[in-house]
Amino acid sequence: MAASGSAVGLGNIWKFPYMAGENGGAAFFIIYLALVFTIGLSVMLCEFVIGRAAQRNPVGAYGILKGGAWKYVGFLGVAAGFIILSFYSVVAGWAIAYIFKSVSGLLATSDPAALGALFKNFTADPWEPILYHGIFMALTVAVIIGGVNGGIERTSKILMPLLFLLLVVLAVRSLTLPGAMAGLKFYLAPDFSKVTGATLNGALSQAFFSLSLGMGALMTYGSYLSRSVNLIKTTMLITLCDTAVAFLAGLVILPAVFAFSFDPSAGPGLVFITLPAVFAKMPLGIVFAVLFFVLLSIAALTSSVSLLEVVVAYFVDERGWQRRRAATIGGGVIFLLGIPSSLSLGVWSGFTIGGKEFLSAMDYVGSNILLPVGGIAVSLFVGWVIYPRALDEATGGGAHRFQLAPVWRFICRYVAPIAVGWILVSGL
Ligand code: TRP
């Protein structure tokens, strides 16, 4: 449950719809699905297997299973944790802020220009978003200090299904708006002539990001699992849940985007600009809006916890720090690192790296470079270095059936490293 909580988050609801919007809709979605159910599934199983076999954080796990240069792959994961959480927390802060903006009735309009201006003014403010970013980081640190097991598991069990239900309701509303069918077509009728290197690269990084792969988050969670858990089933279940939520989010956002004539390639503001318009067209819209942003904030929290847990597990296991100290200092540094991301939508928008403002640049380095590199490493490691042991771990010593094991091995050895490597390099 905690791992599904990690997978389902802003990646599904905030990032997936705007990535699909920017990258041609249906063609992006189909490529995304293909990558998730081949490479994504396989890499996830690799992470669980390594984590549980080693019973350690990523740095320690590579160290104990093989040692040598492999340890640096673990360090890369810890670094990715800092980078990804820094901007993730900024966006999660927007979600918290939108709870309050919904309550105050500020969002109750379906005028695209007004909602766009509202989002722009809010994110451009130098203080307010940083305040919410700080609140979100503090919550993440508090959960980590309390320990991942109890709280997160309970939260995921109750609130994730509720989020799912709410998305179904919203999808129905969105799909019945006049003009929504153009959005549905955009989302589900593929035009492969629009596929470029950027589409592939976007779909791949989105697959890794959404499934929480490539930096050892699920490795760390795997290290807390007992030998009796069926990792193969767990992997299937998490992947299905995560994909279902992303699909639904697309079904909510994209029809509404077309119905209200928003711009599908509006980028990171898309969900925050589009959804309030949908709420405004519903009875009890304010109630739905508040509920939605509360659930989104919680979904973000069960994800951010897995990012910070990697950092904390490293400092606790390998450096002998107290858990509380590791969480507070780690969280503090990540908070500071997030400040430029927050400011990059306002006063620092002129400062760009490779044509991207700071927040998108951090996302790019984390999701498009570090996660795929981590994914290549983990699949090579399982496919070539520890395969017999990995197979034994995956099947729980032969207790669980795994007919597709040869396929898994083939993907780990060849398909994942070559495909991910090729997409990565061509993307650069
Ligand atoms: N998967 C989460 C989401 O979709 C984000 C996330 C949590 C993540 N842990 C991660 C992404 C580890 C990459 C790596 O919102």
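Criteria and thresholds
- Residues numbered from 1 in each chain as written.
- Predicted model: local features only at pLDDT ≥ 70, side-chain atom pairs only at ≥ 80, totals over all residues.
- Heavy atoms only, no water.
- 1 Å grid on protein atoms, 1.4 Å probe; cavity = no way out; pocket = protein on both sides within 12 Å on 5 of 7 lines; lining within 4 Å.
- Points joined across faces, edges and corners; volume = space filled by probe spheres on them.
- Helix = DSSP H or I, 4+ residues; strand = E, 2+ residues; numbered from the N terminus.
- Nonpolar A, V, L, I, M, F, W, Y, C, P; charged D, E, K, R; others polar.
- Buried < 20%, exposed > 50% of the residue type's maximum accessible area, 1.4 Å probe, protein only.
- Contact = heavy atoms within 4.5 Å.
- Polar contact = N/O pair within 3.5 Å; in protein donor to acceptor, adjacent residues only side chain to side chain.
- Near = heavy atom within 4 Å.
- Areas by Shrake-Rupley, 256 points an atom, 1.4 Å probe, with all protein chains shown as cover.
- Sits in = over half its atoms within 2 Å of the grid points.

1. Side note on empty space enclosed by the protein
Argument step 1. Taken as a whole and assessed by the stated rule, the structure comprises 2 cavities of 30 Å³ or more.
Argument step 2. The calculated volume of the largest cavity comes to roughly 140 Å³.
Argument step 3. What lines the largest cavity is a set of 16 residues, among which S6, Y88, F209, S212 and L307 lie closest to the centre.
Argument step 4. Of all elements in the fold, only helix 1 (2-7), helix 5 (70-103), helix 10 (197-210) and helix 14 (285-319) reach the threshold of two or more residues within the lining of the largest cavity.
Argument step 5. Looking at the lining of the largest cavity residue by residue, the class counts come to 10 nonpolar, 6 polar and no charged.
Argument step 6. Its boundaries defined by the atoms lining it, the second largest cavity holds a volume of some 90 Å³.
Argument step 7. Around the second largest cavity sit 15 residues that line it, and V73, G214, M215, G216 and G374 are the ones nearest its centre.
Argument step 8. The set of elements that each furnish at least two residues to the lining of the second largest cavity consists of helix 4 (58-65), helix 5 and helix 16 (358-385).
Argument step 9. Of all the elements, helix 5 adds the most residues to the lining of the second largest cavity, at 5 residues.
Argument step 10. When its residues are assigned to classes, the lining of the second largest cavity shows 9 nonpolar, 5 polar and 1 charged.

2. Let's talk about the environment of Q55
Argument step 1. Positionally, Q55 belongs in the loop between helix 3 (26-54) and helix 4.
Argument step 2. Classification of Q55 as partly exposed rests on a relative accessible area of 43%.
Argument step 3. Not counting residues up to four positions away in its chain, the partners in contact with Q55 are S223 and L225.
Argument step 4. Side-chain polar atoms of Q55 contact the backbone oxygen of R52, separated by 2.9 Å.

3. Concerning the site of the ligand
Argument step 1. Residues in close proximity to the ligand total 17 residues, the closest being A7, G11, Y88, F209 and S306.
Argument step 2. Measuring from an oxygen atom of the ligand, one finds a backbone N or O atom of A7 at 2.9 Å.
Argument step 3. Between the ligand and F209 there is a distance of 2.8 Å, counted from a nitrogen atom to a backbone nitrogen or oxygen.
Argument step 4. When isolated, the ligand has an accessible area of 360 Å², and the protein chains bury 100% of it.
Argument step 5. More than half of the atoms of the ligand fall within 2 Å of the grid points belonging to the largest cavity.
Argument step 6. Of all the secondary-structure elements, those providing two or more residues to the shell around the ligand are helix 1, helix 2 (10-22), helix 10 and helix 14.
Argument step 7. Taken together, the residues that form the shell around the ligand break down as 9 nonpolar, 8 polar and no charged.

4. What about the layout of surface pockets?
Over the atoms rolls a probe the size of a water molecule, and its path tells where empty space is left.
Argument step 1. For the largest pocket, the calculated volume is near 490 Å³.
Argument step 2. Along the wall of the largest pocket there are 24 residues; nearest its centre are M1, A2, A3, S4 and I238.
Argument step 3. Among the elements of the structure, helix 1, helix 8 (149-175) and helix 12 (231-259) are those that each provide at least two residues to the lining of the largest pocket.
Argument step 4. It is helix 8 that contributes the most residues to the lining of the largest pocket, 7 residues altogether.
Argument step 5. Partitioning the lining of the largest pocket into residue classes produces 18 nonpolar, 5 polar and 1 charged.
Argument step 6. A volume near 360 Å³ is recorded for the second largest pocket.
Argument step 7. Looking at the second largest pocket, it is lined by 17 residues, and the ones nearest its centre are M19, E22, K356, Y364 and N368.

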